[in-house]
Amino acid sequence: MASLGLSGAGASAQEALEVAGKQIDRQIQADRQYGDLSDLLRVASHGAPSMSGVSELDYPALNTLHPALANLPLLSPVRRVPLPPELVEQFSRMQCNCMMGVFPEISRAWLTIDSDIFVWNYEDGSDLAYFDGLNETILSAGLVKPKPGIFQPHIKFLLCLTTPVDIVLLGVSFANPAEGAAPGSQYAEMHLLPDPLFSIPSDNTYILSVVGTDKGRIFLAGKDGCLYEVVYQAEEGWFSRRCKKLNHSMSSLSFLVPSFLTFSFSEEDPIVQIEVDNSRHVLYTRTEKGTLEVFDLGADGMGMGRVSWMNQSTIVQYAARVASTIDRSNFKSIVHISAVPNTDSTNVHLVAITQTGVRLYFTTTYFNQPQARPSILTLVHVRLPPGFTATAAPQRPTNIHSAFYGKGSTLLASSQAEDSDMLWCLSTDTFPFQIPLMETQITLGIDGRTWVLTEVSDGEDFGIFGPRNGAGPPRSLPPVVVNQHWLPPKRYVVLSAQGSYLLSQLRPVDQLRQLLLSSGGPDCEEVEAFFKLLKDDQACATCLILACSRAASDQEVSDWATRAFFRFGGEAQFAFAVAPDMTNIGQVQDMGVAPSPMPGAPSPVPGVQTPASSALFPSTPSAFVTSTPANHQLPFRSPDPSSTAIGPEVKFSGKHNGICLYIARILGPLWESQVVFESKQQGQQMLCSTVTGEGLGWVLDELRGLRDFLEKNTLASGPAATNGFGSPRNIHQRMLGFLRPDTGATGASQMQQQLQRKYQTEAQAAEKASLVQVQQLVLRTCEVLGLWRALCEHPFQVVAAGLPKEMQNQLRGLRFRDVIVNGKEILSALITSLINRYLGDDATTDAISSRLREVCPSLYSTEDAVCSKANELLQAASKTQSTAERLKMLQESLQLYRQISNQINLPMVCGQFQQVHFYDGVVELSLNSAQRRDPQGLALHHYRSGEPPEDTQGSMAFTARLECYKCVTDALGQLVTISQEHPGSPSVPNRPGPPPDTRGRLSAVEAQQYVDQMMRLALKSDDELFHVALYDWLVSTGLQDKLLEISSPYIEPYLTRAAQYQGDNIATYDLLWKYHEKSRNYSAAAQILSKLAERHSTEVDLKQRIEYLSRAAMCAKSSSTQAGGATDGEFLHELEEKLEVARLQVQVCEALARMSTRLPRVQEALGQLNAELVDITRLYGDFADLFRLSECKLAIIHCAGHHDPTLVESLWQEIVQKELSDSAGSPADTRMTMLGNKLVRLGKTYASSDRFFPLAFLVKLLERKVLELDFAQDWAFSTLLSIPVPISKLLTIYDRLFKAKDPCWQSARRPLHVLDAIYLLLTKYATEPTLVPAYERKPLLGGSYVKNQRRQFTMFCLDCIASYLVELEAMSSTAAGVQEMVRNFRGLQARLERLL
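Let us look at the structure shown here. This one's a predicted model, so the numbers in the text were calculated from it and none came from an experiment.

About the thresholds
- Residues numbered from 1 in each chain as written.
- Predicted model: local features only at pLDDT ≥ 70, side-chain atom pairs only at ≥ 80, totals over all residues.
- Heavy atoms only, no water.
- Axes fitted to C-alpha atoms, helices over the stretch in contact; angles between N-to-C directions.
- Helix = DSSP H or I, 4+ residues; strand = E, 2+ residues; numbered from the N terminus.
- Parallel < 35°, antiparallel > 145°, perpendicular 65-115°, else oblique.
- Left-handed = near helix turned anticlockwise from the far one by under 90°.
- Contact = heavy atoms within 4.5 Å.
- Nonpolar A, V, L, I, M, F, W, Y, C, P; charged D, E, K, R; others polar.
- Core = buried A, V, L, I, M, F, W, Y, C linked by side-chain atoms within 4.5 Å.
- Buried < 20%, exposed > 50% of the residue type's maximum accessible area, 1.4 Å probe, protein only.
- Pairing = 2+ DSSP bridges.

**Looking at the packing of helix α8 (residues 508–519) against helix α10 (residues 536–547)**
Here is step 1: Packing of α8 against α10 brings their axes to within 9 Å, and their N-to-C directions diverge by 65 degrees. In terms of their interaxial angle, α8 and α10 are classed as roughly perpendicular. The handedness of the crossing between α8 and α10 is right-handed. Together, Pro508, Val509, Leu512, Arg513 and Leu516 of α8 and Thr542, Cys543, Ile545 and Leu546 of α10 make up the contact between the two elements.
Here is step 2: Broken down by class, the residue content of the contact of α8 with α10 amounts to seven nonpolar, one polar and one charged.

Written out as structure tokens, the structure reads:
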């Protein structure tokens, strides 16, 4: 870095880039602080017109500013190109008419002679083409752009020719330029298609002018004062022709008025000029009598509507009101109008030039509404030409017949004689950023009368600087001094019968070059005056364009410019100010420039120096010209805001500010624009560079020229800024020390001199430090843009496609400023993608690595070279057939990556390892990278501390480690997915075509082997955080069962911590109890299972809670078996009780579910029962009793052992009654079956306990139901026998029931119902004696004996029958059925006696 590469710059490299970047930001913003044209003209609103041109400051004479400026060149020497000799001969054949014009779009002039048109290159008179296919005299010609999609691609333009009879459209094409041709050569050889593309009748309309729009529309100016349009389309429709002529000036009902009336009562005023504003899609017309009319073409440029018009008398009236002291004749006879595009002004839209050179400025909308469509036509400013001031020369523009206005320059062709013109050139280029408008003037004689006067372009600009997806363009184009380093001079062509005259308007850099060449060096008053005219910073920036030129032909001029730069660039100084705020002082007064006075106001403003002042160029800022309105001073002020004194400020020299300004202007178009834009290519969205490699080549040439200039010239010479001396951070403190007087009054003079020297030294040191930062920015920018140019050559969109998605998303939002100042990460990613592109093509990386080290050594370091070599080994290994050689290459690649593991794109490298099945490398590299990124172990401390948010360093380290571990888990995830694929399952192809190539794809078995291999290697690691990440991945992928197979000291702390911090995660607790169970810690497992069952949660249903309790009971039993402690036994008993209650809770839930679940109460109850385990008391009171669940209540009191006979009997009665209610309406058989099944099911549960199965009560209840519902007489005891209830017990109950003589039977008129049931019961026994076992073994002291139970029961039956017969015989023999029952019992008695 030669002279500027100082090690004691104070700030780090990144801070230096940030500070320098902010300086560039300020310079770019300063360059944008130019006024709108309405500001320059001092027009406040559309309703407040103003005037100018009457002040000496409006057209200052350069020689009055400084005598040395009298020779400042403003225009280049005129180059005359005569007409081609062939054309001169054609004039002698003219019979009717001849016309001449220019097609500046293709650098051609044209001439019509009668019915023939000739076109030639006005630059050198070559490439003469003609068309003689018309029979009528050509009245006008125009070159227009074709509408897209209608003609063949080789037709670049349309040539529209009009005659009195027809209108013809000819196709214009050009020969393909030779390879390597200069810019603009695409129009080198012109061809006119011989056959017209379209031809339509003109309807006897005399067309005076033809103008096209950027949208391909063609407008015609009619001599009848009407505006016409030629409309054409590709195909002819039902109601439209392929080509037709429309009249936009006449009403749609005008056809109802006879033509002779129209002719008689309307005065003809031909349209002589059409002007189109393509930026706003507005069209203006000018008639021969000075009427201006506005047409709105619509926001898309395809509409048409008349907006407003203003005739000449109205224009003169308004202009005279504004300039009341000026003769009204100066405002008559408008000879030219020019549209002002939105790049020139927001508020001013049209300029009209009169025959005396007066410029009239109009607007079509209200001010400061850039998106508004035109609605008015209002005069807002009148600017008089030179010659209207009191001290002006008598010469002024007169007899103007041709004019041009554009980009701040005005050209006027004034008739001096029949065969000569005077060309006036007025321009603001010499006074950039000046408010109000100031213009230079120069006159030039032209041989012959001017036919055409217009600006021509030297081809398109570089085409890379437009913002794409970025910040919008400035509101208008900046002054030429801002863009002079890359825009060519404005060129004009004047066409006359003698030929074409080509002249250029010199930019400041061209003027400086001419001054240096004419003076033989910088040591002259002219160059010094030039610096004072432009101000130091602007002049130095201009000087750098020449000084940094690396062309051999400019070497002498470059040396002269360098000398001028240092001689006139000034020195850094300290400026001291006082407290008053200077921000309210007007800008114009600060610059010492007086505004143009209104009519009647004194001129110039009192107190402002006149241009003739001899003190015009002091060391203070110029009184008449201004620099870029920016603060180029670096403040070092007192930190105390209440202080009335403002501390010293370093006022950087013009050299420093000029360098920053030059950098800002080179980079300005790039600086704030987006780096990429999205484009669909081959069906995919691609990220394309907003700049091209060719355009960057120019920028790089300029920057490298500046870089060489900075390295070659000792800008930072002087005291070295070491040990912080000269650092801007401590200057103010040292200055305060300097300001303290240490000597008496006698040494004041020496003290002042000493202070001045110290101030100067400090200011130079501060500027030197700033230049170091600026130079670092230049070096970084050269590297970044050099890299970007290399990326564009590959091409960029392919390289960008290789970036990770997150990097692509990041790239979408970046500006070039971000990439240059803070974009090292994204640039590294792009370099990696570029290297990978070479590796993917099996190309060596040596060449591209060498170029990258040459172009961007700080971006492509030694570590990057190591990475490239490792990538190359990795790619070579993927193509090696030998297993041993392949493994060797992979190990070498791994070792190289381990050296730089904290700098590589780890996911990308691990992905490449996966492609070659080097999974051990994935594990080792990821763990190594994690260790390198957190060498102090901050992440583990952060983890063990509970991940506190205030521990930012630990959090960052923790995140960095997790990113490394993710590479391992991602690889494992892919392998697990493959291993779970069924080997024989058919796969449906994703797209039509041949089957995919499965070579190199792992089988399920191989993938599982790699999973096991990676797990073994991973579990050997002593990195606790890696184990945590691995376990988290197993849980998240549903492989939590694998955790139970791991034998590691980190697994139990992991699960315990997870349960602690994830209290609501059931799966974590499941893992923990399973781990304890597997580790034979049954007590801990049982405790966790019990808590899971009892926790209030909607994630666990009642069924799962019972499973938890059952499992807990099993674990508790195992624990009590191992330990045998009393505590374990109590816990087991408690679990069993909870389990029994839980089963009752299930029964209640099932009963509730059988009810109407749409009832809110039922839904709420079900939700509560599933959300937690409830105790037995609450289960009975809040649920079973509340919802009248009799079965559940019976089960609950049975579980609780609660003895209440009355309650039990009522519950049984409710159960029977509910079952009968549920079956109401069904046949008796169905009802008997349903009730019987219910009783049998419940009886099997409760029959063993007389407390909860009141048999006598049930027998009586059922027999009554038999009577009430007409059930079968044997149904009751048959149902009870099915439970089974012993027949002997039943007989005893029935016998008691009969002998009780309950009146219910009598009231039911069935007094013998019970006896009938007993008969049927005994008959069943007689038929099936096996209902009673034959023998029963009874225990006895000292042994046992066998009792004949069946005989004993038979004898009991006979005794009962005998008693029944006695009672029956005692009854009246006439009672219904008594005799029959007696016979039945006697027959039954005989049968039973036979059983004995």
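**Some details on the packing of α10 against helix α11 (residues 555–568)**
Here is step 1: Here α10 crosses α11 at 155 degrees, and the two axes come no closer than 8 Å. Judged on the interaxial angle alone, α11 and α10 are roughly antiparallel. Two packed elements cross with a definite hand, and for α10 against α11 that hand is left-handed. Judged by residue contacts, Asp536, Cys540, Cys543, Leu544, Leu546 and Ala547 of α10 engage Val557, Ser558, Ala561, Thr562, Ala564, Phe565 and Phe568 from α11.

**Describing the nonpolar core**
Here is step 1: Trp1212, Leu1290 and Tyr1294 are the most contacted members of the largest nonpolar core, which totals 168 residues.
Here is step 2: Aside from chain neighbours lying at most four places away, what touches Leu1290 is Leu1255, Val1259, Phe1277, Leu1280, Leu1281, Val1285 and Leu1321.
Here is step 3: In terms of nonpolar packing, the next biggest core, distinct from the first, is built from 97 residues, Leu670, Leu771, Ile826 and Leu839 among them.

**Considering the side chain of Ser107**
Here is step 1: Looking at where Ser107 falls in the secondary structure, it is placed in the loop between β3 (98–103) and β4 (108–113).
Here is step 2: Leave out the neighbours within four places in its chain, and Ser107 touches Trp120, Asn121 and Tyr122.

**Concerning the sheet that holds strand β17 (residues 282–287)**
Here is step 1: In space, the four strands of this open sheet follow the order β16-β17-β18-β19, with antiparallel pairing throughout. Of all the strands in the sheet, the pair left with one neighbour each is β16 (271–277) and β19 (305–310). Geometrically, the sheet is characterised by an average inter-axis angle of 20 degrees between neighbouring strands, direction not taken into account.
Here is step 2: As defined by bridge partners, β16 adjoins β17 across six bridges and the pair is classed as antiparallel. Considered in β17, the bridge of Val276 is made with Leu283.

**Some details on unusual backbone geometry**
Here is step 1: Here the bond from Ile435 into Pro436 is cis, since omega is 0 degrees, no more than 30 degrees from zero.
Here is step 2: Among the secondary structure elements, Pro436 is positioned in the loop between β26 (420–427) and β27 (440–447).
Here is step 3: A cis geometry characterises the amide bond from His794 onward to Pro795, with omega recorded as -15 degrees.
Here is step 4: Within the fold, Pro795 resides in the loop between α16 (748–792) and α17 (796–801).
Here is step 5: With phi around 60 degrees, Asn368 is a residue other than glycine that occupies positive phi space.
Here is step 6: Counting through the fold element by element, Asn368 comes out in the loop between β22 (359–363) and β23 (378–383).

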